[in-house]
Structures are given as structure tokens and as C-alpha cells.
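# What the coordinates show
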Amino acid sequence: MKPAPFAYLLPSTVDEAAEMLAATGGKVLAGGQSLIPLMSMRLAAPPALVDINRVGGITDIEVGDDAVRVGALVRHAALEAHAPAYDANPLLRRALRHVAHATIRNRGTTVGSIVHADPAGEMPAVLRLLGGSVEAVSQARGRRSIDAADFFVGPLESALGEDEIAVGVVFPRPPAGSGSSWLEISRRRGDYALVGVGAVVTLDSDRNVIGAAVSLISVGATPVHVDVGHVGADSAYDDVDWSGATELVDAAISPEADIHATADYRRHLAQVLTRRALAEATADAAPRVAA
Ligand SMILES: Cc1cc2nc3c(=O)[nH]c(=O)nc-3n(C[C@H](O)[C@H](O)[C@H](O)COP(=O)(O)OP(=O)(O)OC[C@H]3O[C@@H](n4cnc5c(N)ncnc54)[C@H](O)[C@@H]3O)c2cc1C
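Residues numbered from 1 in each chain as written. Predicted model: local features only at pLDDT ≥ 70, side-chain atom pairs only at ≥ 80, totals over all residues. Heavy atoms only, no water.

So, about the site of the ligand. Contacts to the ligand come from 32 residues, most closely from V28, G32, L35, T109 and E122. Between Q33 and the ligand, the recorded distance is 2.8 Å, taken from a backbone N or O atom to an oxygen atom. H76 places a polar side-chain atom, nitrogen or oxygen, 3.1 Å from an oxygen atom of the ligand. Considered on its own, the ligand offers 970 Å² of accessible surface; in the complex 89% of this is hidden by protein. Every element with two or more residues in the shell around the ligand is listed here: β2 (27-29), α7 (110-116) and β10 (165-172). The element best represented in the shell around the ligand is α7, accounting for five residues. Residues belonging to the shell around the ligand are distributed by class as follows: 15 nonpolar, 13 polar and four charged. Three or more residues apiece are contributed to the shell around the ligand by two domains, here domain 1 (1-173) and domain 2 (178-288). (Near = heavy atom within 4 Å. Polar contact = N/O pair within 3.5 Å; in protein donor to acceptor, adjacent residues only side chain to side chain. Areas by Shrake-Rupley, 256 points an atom, 1.4 Å probe, with all protein chains shown as cover. Helix = DSSP H or I, 4+ residues; strand = E, 2+ residues; numbered from the N terminus. Nonpolar A, V, L, I, M, F, W, Y, C, P; charged D, E, K, R; others polar. Domains from an automatic or database assignment.)

Here is the structure:
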């Protein structure tokens, strides 16, 4: 099928793009890897596309002491390959490797996938796990920052207004002494995950657990974030029993059945992957604590 007719607009600044969005009620076109298929299937029929690919000032990856900031035009592949971003926050690359296939990562943007808010998307869950935020600009409200905890509202639904452009996202660095892991199961490599789990575990200077959290995908309407820090609290990194975390996760998720997996199978995967991801993140944290 072909898309319904639409106007095509090509702004060169963020302000111009915001003005066009407000005037047309159209949608932002970033990498087009999700929007164009939806339009071609006529599941979306925006009156206009505001193509931000020539907008200046939104192309950078900035690695600071506290966070990695990713501009709206940064492709998944560029962030995945960015060595300073990996050094600052290895979880970004660990999760990005599971986003679709290389060709889609070459074009699709990390900010676009976060705005798209697919509950099966990896990067929304990573943003939620790290306590990140989305920077938005609109003609009516100017600039604002939306916390990840408030951003994901439902499947393909976010707190971003229809007239707002996400100009970037901020992934805070985990505290010193933290390790991370991303694990998922999909039917074929590159497919959306049946279930995916990201974990961050933080150790103190004696290598005892002082914090832990997981975020899961494909088991709810939004990324499911669960703080499991008290399960491992004060346990030594090599003696921690994460099995209590699986009960917390089981209570928090609401997986559904589809042609790929039953709800029960997803529930089982969520438990197994949670345990493994926490163990992997704990092992990743240990060498990061100076002996
Ligand atoms: C075959 C296939 C497999 C895939 N597998 C996965 C997967 O396993 N995991 C995964 O996470 N993703 C997957 N994707 C989606 C991919 O990651 C997309 O790149 C991503 O979802 C959207 O990014 P985009 O830049 O292409 O956005 P677009 O398709 O251009 O836009 C998507 C939506 O976000 C809005 N939008 C985009 N950028 C902005 C912005 N800056 N401000 C405001 N609104 C904006 C658009 O208006 C649109 O509604 C897959 C896609 C395909 C085609």
C-alpha cells in the first residue's frame, strides 16, 4: 500500500520546525523507520511531514561528567559506535546492539525510537532505567524537560505534545561502582524481543550491593521499571541472591499473548532474564570498584 497524501516540509532550524508542526498538525520525520511503514499501511495518515533531517544543532553526542546527551538526529548506529559514550555508559551500546538490524540502525534515530514509545523498544527502557529525560521544544511552550518516569504513557504514546519536537535525550551516568547488562530473547536476531531486560547494579567501596534496578520490555504497555535494590542490599557482590527480584518483577509485569509467545512464556522469560541480567550487571560492577 501507499501512504495517504501529505504535505512535505523541510525546515532548517528547530524554531522553524516547531512553527510548521503547530501550523499543520503534522508529524516529525526523523529516520522514518517506524513512521513510513505505519503510513504505508495507512495506520497513520498525518496531513504533513516535518522532515528534521536538515535541521542544524541536533546532530551531536555530548559526553559530560554526569550524562550522555544525544541529539535528535543521532542514528542508533552512530551512538552504538561512539567510544566515549560507551566508556561513559556501556549500557547504551549493549542495548543498541539489539535494536533491529544494522541497516535500520544506520537510519533510525535513538530519539525517534524513544518518542515512538514502543513497549518492545530497547532505548525507551534504557532511558527509564537510567532515570533520563527528554528535551522538548514547541512554539507554544518553549523548551521543557520531561523525566523518563513521566514520558512513557502507553503503547506508542508519550507525554510529548503533538506540537513538540524532541531535540535530544539525556542518559545520566550511573553512580560510580555501577555495572550494567542488557539481555533479551527474540525469535530471530534483529526481531523485536519477546522479552528484554536491562539491569544496573551499584556496589560500594567494599563491593557490597547498594543499589539495583531493572527495566523490562514487551511485558507491559510501557517499559516496566522495578527497583530491586533492597533484594541484594548489603550482600557482597560474589554472594548476592537475586531470586527475590524475580517475584517483584512478576508482580509488576502484565505480559500479553500474541503470535510469537504466550503470556506465560513471556512471564517465564522475564524471571529468567531478570536473574541473569542482575548477575551479569553485578559481575560487571565488581572490577569497576577500586580494590
Ligand atoms: C524491521 C524493523 C525492525 C525493528 N526492530 C526494532 C527493535 O528490535 N527495537 C527497536 O527499538 N526498534 C526497532 N525498530 C524501530 C527502529 O528502532 C526505529 O528507528 C525507531 O523506532 C524510530 O526511529 P526513527 O528515527 O526511524 O523515527 P521515525 O520513524 O521517523 O518516527 C517515529 C515516530 O516518532 C516521531 N518522532 C521521531 N523523532 C522525533 C522527534 N525528534 N521529535 C518528535 N517526534 C519525533 C515521529 O513523528 C513518529 O511518530 C525496527 C524497525 C523496523 C523497520
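On we go from here.
Our next topic: a nonpolar patch on the surface. Where nonpolar side chains cluster on the molecular surface, the patch consists of F6, Y8 and L10 and spans about 270 Å² of accessible area. Take L10: it is sitting in the loop between β1 (7-9) and α1 (14-24). Residue L10 is classed as partly exposed on the basis of its relative accessible area of 33%. (Patch = residues over 30% accessible without salt bridge, like charges linked within 9 Å, V, L, I, M, F, W, Y side chains within 5 Å. Salt bridge = Lys/Arg side-chain N within 4 Å of Asp/Glu carboxyl O. Buried < 20%, exposed > 50% of the residue type's maximum accessible area, 1.4 Å probe, protein only.)

Further remarks concern the packing of aromatic side chains. Summed over the entire model, instances satisfying the criterion amount to one aromatic pair. A ring pair is formed by F151 and F152, whose centres lie 5.2 Å apart and whose planes are at 85°; its orientation type is edge-to-face. Taking NZ or CZ as reference, R93 lies 4.2 Å from the ring centre of Y86, over its face. (Phe/Tyr/Trp six-rings, centres within 6.5 Å; stacked < 30°, edge-to-face > 60°. Lys NZ or Arg CZ within 6 Å of the ring centre and 35° of its normal.)

Another point: the sheet that holds strand β6 (residues 133-138). In space, the five strands of this open sheet follow the order β4-β5-β10-β6-β7, with antiparallel pairing throughout. Both outer strands of the open sheet, β4 (61-63) and β7 (142-147), are each paired with one neighbouring strand and no more. For this sheet the average axis-to-axis angle between neighbouring strands, irrespective of direction, equals 20°. Where strand β5 (residues 67-71) lies against β10, five bridges are found, and the strand directions are antiparallel. Of the residues in β10, the one forming a bridge with R69 is V170. (Pairing = 2+ DSSP bridges. Axes fitted to C-alpha atoms, helices over the stretch in contact; angles between N-to-C directions.)

On to the domain arrangement of the chain. Per the domain assignment, the segments of the chain are domain 1 (1-173) and domain 2 (178-288). Taken together, the contact between domain 1 and domain 2 spans 23 residues of the former and 22 residues of the latter. Carbon and sulfur atoms supply 61% of the area that domain 1 and domain 2 bury against each other, a total of about 1,900 Å² over both sides. The tally of links from domain 1 across to domain 2 stands at one salt bridge. Inspection of the region where domain 1 meets domain 2 yields three residue pairs in polar contact (both at pLDDT 80 or more). Within the residue set of the side of domain 1 that touches domain 2, elements represented by two or more residues are α5 (90-96), α8 (122-130) and β8 (152-154). Per element, the largest residue contribution to the side of domain 1 that touches domain 2 is seven residues, and it comes from α8. Considering only residue class, the side of domain 1 that touches domain 2 consists of 14 nonpolar, four polar and five charged. (Contact = heavy atoms within 4.5 Å. Buried area = accessible area lost by both parts, 1.4 Å probe.)

Inspection of every chain in the model, using the stated rule, returns twelve salt bridges. Two residues, E62 and R69, come together in a salt bridge whose shortest N-O distance is 3.7 Å. On the accessibility criterion, E62 (41% relative accessible area) is partly exposed. A residue is classified by how much of its surface remains accessible, and R69, at 17% relative accessible area, is buried. R288 is the partner of D284 in a salt bridge, and the nearest nitrogen-oxygen pair spans 3.2 Å. We classify D284 as buried; its relative accessible area is 15%. Here the salt bridges share partners, and the residues they tie into one network are E62, R69, E135 and R143.

Here we come to the nonpolar core. As a rule of thumb, soluble globular proteins bury nonpolar side chains together. Residues L79, I114, M123, V126 and F171 are the most contacted members of the largest nonpolar core, which totals 51 residues. It is α8 that provides the largest number of residues to this core, a total of six residues. When residues are assigned to domains, this core turns out to be shared by domain 1 (1-173) and domain 2 (178-288), each giving three or more. Counting 30 residues, the second-largest nonpolar core is a separate cluster that includes L183, V195, A270 and A281. (Core = buried A, V, L, I, M, F, W, Y, C linked by side-chain atoms within 4.5 Å.)

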